[in-house]
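# Breakdown of the fold
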Amino acid sequence: MPLDIGVLALQGDFQEHRAVLESLGAAVIEVRLPHQLEGLDGLVIPGGESTTIVKLVHRWGFPDALRRFKEEGGAVWGTCAGMIVMASELLEPDPKPLSLMDIKVSRNWFGRQVDSFETDILVKGVSGGPVHAVFIRAPSVREHGEGVETIATLRDGTPVAVRSGKLMATAFHPELTPDTRIHELFLRLSAGNLPSV
Ligand code: GLN
């Protein structure tokens, strides 16, 4: 049986995630309403514009359903804006994040659109050498709770990927490169195959 993975399709680059996950054999649905979370093994919250995503998440009544999904053992992975949406706290006043993961995040940590960059980083739980990571007006994790592990940092130590059980957040965009290893890691988490911390 393939894994059932949802991609939150309210705004952002959900189609790119869908294509990668399907290429890896997952059964993917674009989630636009809360009831579509039922029965999924995992959910990706894509990159995009976090203020817009949070606004639409509230408009369509997602917050409680998302928390329930997580509490009932669904895996959740946020990329870039998705990381911001998952945070428990932001350094900035907007948006109000959904508190799915115990991380304190700062938006646009690396500057504006022109300060977007690409670099190679090692990711814990991903074998075969560094991952080429694309950062587009990316956030960074400033603090995190005890149960959260940093699984990737930049060379200067800035945390850019974190994991806690079946929850994962990356400041960069693995869906924009041909390397599928981070998506494979998320599918392993969704299947309940957790790397030891
Ligand atoms: N800077 C955007 C935000 O704050 C995120 C950018 C992205 O997802 N690539 O929502």
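Refer to the structure presented above.
Residues numbered from 1 in each chain as written. Predicted model: local features only at pLDDT ≥ 70, side-chain atom pairs only at ≥ 80, totals over all residues. Heavy atoms only, no water.

### A closer look at the overall build of the chain
Broken down by element type, the chain carries 5 helices and 12 strands. For the chain, the C-alpha radius of gyration of 15 Å lies close to 16 Å, the compact-globule estimate for 197 residues. In terms of overall dimensions, the chain has C-alpha extents of about 40 × 40 × 30 Å along its principal axes. Carbon together with sulfur atoms contributes 49% to the accessible area of the chain, which is approximately 8,800 Å² in total. Positive and negative side-chain charges in the chain, numbering 19 and 25 respectively, have mean positions lying 3 Å apart. (Helix = DSSP H or I, 4+ residues; strand = E, 2+ residues; numbered from the N terminus. Rg over C-alpha atoms; globule rule 2.2 N^0.38 Å. Areas by Shrake-Rupley, 256 points an atom, 1.4 Å probe, with all protein chains shown as cover. Lys, Arg positive; Asp, Glu negative; His and termini not counted. Charge placed at Lys NZ, Arg CZ, Asp CG, Glu CD.)

### Thoughts on the site of the ligand
Near the ligand, the surroundings consist of Gly47, Gly48, Glu49, Ser50, Cys80, Ala81, Ile84, Arg107, Asn108, Ile136, Arg137 and His173. At a separation of 2.6 Å, an oxygen atom of the ligand approaches a polar backbone atom of Ser50. Between the ligand and Arg107, the relevant distance is 2.7 Å, taken from an oxygen atom to a side-chain nitrogen or oxygen of the residue. Coverage of the ligand by the protein chains reaches 97% of its 300 Å² of free accessible surface. A class-by-class count of the residues in the shell around the ligand yields 4 nonpolar, 5 polar and 3 charged. (Near = heavy atom within 4 Å. Polar contact = N/O pair within 3.5 Å; in protein donor to acceptor, adjacent residues only side chain to side chain. Nonpolar A, V, L, I, M, F, W, Y, C, P; charged D, E, K, R; others polar.)

### Observations regarding the nonpolar core
In this structure, Leu8, Leu37, Ile103, Val123, Phe135, Val160 and Phe172 are the most contacted members of the largest nonpolar core, which totals 65 residues. When sequence neighbours within four positions are dropped, the list of residues in contact with Val123 reads Val131, Ile151, Ala152, Phe172 and Ile182. (Core = buried A, V, L, I, M, F, W, Y, C linked by side-chain atoms within 4.5 Å. Buried < 20%, exposed > 50% of the residue type's maximum accessible area, 1.4 Å probe, protein only. Contact = heavy atoms within 4.5 Å.)

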